[in-house]
Amino acid sequence: MELIDQLTNLAARAQKQIGHIQTEEATKNALVMPFINALGYNVFDPTEVVPEFVCDIGTKKGEKIDYAIMRDGKPIILVECKPVSGDLSINHASQLFRYFHVTEARIAVLTNGTTYKLFTDLEQPNKMDERPFMEFDLFNFQENDVAEIKKLSKASFSIEDMLFAAYNLKYMRAFKKYFDEQFTQPSPDFINFVSKQVYDGVLTPKLKEQFAILVHRSFHQFLNDKITSRLRSAMLDTGQPLLTTDLPAIAIVEPKVAETAPEVETKDRDIVTTVEETEGFMIVRAILRKTVPVNRVVMRDVQSYCGILLDDNNRKPICRLHFNSSKKFVTVFDVEGGERVDISSLDDLYGLASRIRATVQRYESKLTEVPAG
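So, here's what we can say about the structure. What you are looking at is a predicted structure, and each value in this text was computed from that prediction instead of being measured. (Residues numbered from 1 in each chain as written. Predicted model: local features only at pLDDT ≥ 70, side-chain atom pairs only at ≥ 80, totals over all residues. Heavy atoms only, no water.)

**With respect to a nonpolar patch on the surface**
Filter applied, for reference: Like charges within 9 Å and nonpolar side chains (Val, Leu, Ile, Met, Phe, Trp, Tyr) within 5 Å are joined into patches, using only residues over 30% in relative accessible area that form no salt bridge. Each accessible area is a Shrake-Rupley estimate made with a 1.4 Å probe; only the visible protein chains count as cover when residues are assessed. For this document, the term salt bridge refers to a Lys or Arg side-chain nitrogen within 4 Å of an Asp or Glu carboxyl oxygen. Any residue under 20% of the maximum accessible area for its type is buried, any over 50% is exposed, and the rest in between are partly exposed; the area is computed with a 1.4 Å probe on protein chains only.
A cluster of nonpolar side chains, Tyr167, Tyr171, Phe175, Tyr178 and Phe179, forms an exposed patch at the surface whose accessible area comes to about 530 Å². Judged by its relative accessible area of 46%, Phe179 falls in the partly exposed class.

**So, unusual backbone geometry**
Here is the rule: Under the scheme used here, helices are H or I runs from DSSP no shorter than 4 residues and strands are E runs no shorter than 2 residues, and both carry numbers assigned from the N terminus.
One non-glycine residue with positive phi stands out, namely Glu52, at about 50°. Tracing the backbone through its elements, the reader meets Glu52 in strand β1 (residues 49-54). Overall, the relative accessible area of 36% leaves Glu52 in the partly exposed class. In this structure, Asp72 is a non-glycine residue whose phi angle is positive, near 55°. Tracing the chain through its elements places Asp72 in the loop between β2 (64-71) and β3 (74-81). Residue Asp72 is classed as exposed on the basis of its relative accessible area, which comes to 73%.

**Side note on the sheet that holds strand β7 (residues 297-301)**
For clarity, the threshold we go by: When DSSP finds at least two bridges between two strands, those strands are taken to pair. Whenever a helix is involved, its axis is fitted only over the stretch in contact; in every case the axis is a line through C-alpha atoms, and angles between N-to-C directions fall within 0 to 180 degrees. Contacts: residue pairs with any heavy atoms within 4.5 Å of one another.
Spatial ordering of the open sheet is given by β7-β8-β9-β10-β11, a layout of five strands whose pairing is antiparallel. If you trace the sheet from one side to the other, it starts and ends with β7 and β11 (337-342), each paired once. Taken over all neighbouring pairs, the strand axes of this sheet differ in orientation by 20° on average, direction set aside. Across four bridges, the pairing between strand β9 (residues 317-322) and strand β10 (residues 329-334) is antiparallel. Within β10, the residue paired with His322 across the bridge is Phe329. Seen against the sheet, helix α8 (residues 275-288) touches β7, β8 (306-310) and β9 and runs at an angle of roughly 160° to β7.

**Quick word on the environment of Gly19**
Within the secondary structure, Gly19 sits in the loop between α1 (3-17) and α2 (24-38). With a relative accessible area of 54%, Gly19 lands in the exposed category.

**Side note on the packing of α8 against helix α9 (residues 353-365)**
Note the cut-off: The cut-offs work like this: below 35 degrees is roughly parallel, past 145 is roughly antiparallel, 65 to 115 is roughly perpendicular, and the gaps in between are oblique. Here the nonpolar group is Ala, Val, Leu, Ile, Met, Phe, Trp, Tyr, Cys and Pro; Asp, Glu, Lys and Arg are the charged ones; every other residue, Gly included, is treated as polar.
Across the interface, α8 lies against α9 with an axial gap of 10 Å and an inter-helix angle of 70°. Put simply, α8 runs roughly perpendicular to α9. When α8 is examined against α9, the residues Val284, Ile287 and Leu288 are found in contact with a partner set consisting of Ala353, Ile356, Arg357 and Val360. Here the contact of α8 with α9 is built from residues that sort into six nonpolar, no polar and one charged.

**Side note on the sheet that holds strand β5 (residues 115-119)**
Pairing is mixed across the open sheet formed by six strands, whose spatial order is β1-β2-β3-β4-β5-β6. Strand pairing shows two members of the sheet lacking a second neighbour, β1 and β6 (134-137), which therefore form its edges. Across the sheet, the mean angle separating the axes of adjacent strands is 30° when strand polarity is ignored. Bridge count between β3 and strand β4 (residues 107-111): five bridges; the pairing is parallel. The residue of β4 that forms the bridge with Leu78 is Ala108. Across the sheet, α2 lies against β1, β2, β3, β4, β5 and β6, angled at about 15° from β2, the strand it touches most.

Dropping the structure here:
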């Protein structure tokens, strides 16, 4: 069985069991050991996995790390476990720090069974970094996350490849975080830098205020153009014309020239509409453009799925895009409620066109309304 399927199955079992997992030992047995096993290591073979691994450190004798994954009699990965509800802050990784320093292991894992934080020594040789180079969430992972986790597996593990991946992941994560911050609210330094690439004069306070708005608009428009280009290519491949009315406008919030960004309600801070969700929404609009005016087809993103509604009405769901896990699927609606349909790519949405149109036609004929689920 592929690793992605094993992790998907483990996540499904964990969802059912998590309310009954109360202790650290239960976390190890129900979650951590199956995870290590999914990576190809036999948790019952002490030549591969040593539980309660002991390594005396100076005057500290008999201290133990929860698991050491071994190769040729030497530890290659150290794993420290916390209860499933436990905090995974760096303050709870003291044993990992000490063991990392005195063993040959270059990879350390801090986990509560559902979140796995991976560390190495990129900043100072033989000293574990305070920040992980990767975090893996068992309940919310993508295929590319699994590809990176697979590098830890028995069949694929290479310390050189792992360290190279760690370097890339650490800084890519930092770059993505920076880009996301600038996309949401460009900083004065970012605005100054971009402005100087296209304007040779003196940046007066008035110009900085104007450029702040233009940089923000340009950033959003650039992304919108990229999405449109990708969608146009996909639709041309299927022989469907693309009209400008099929495309949603990306909302531009005029940035305030102020010291801090405007406040956002806490409940919305963790909701991120992905490029795939936006493309999926535009495909649904394109499917429906001959059925209803496309401005009546509205996207409403929530944490667990991206909903597409008719008239922005919760009682008129057209479909739901579930793109935040390893297995992408769409919920389509009929008179009996919602039905899950697994998809492998966005192109599969076109195969649901007749069902999507039929749903909207039912709303338009007022035969029935599907209750919000």
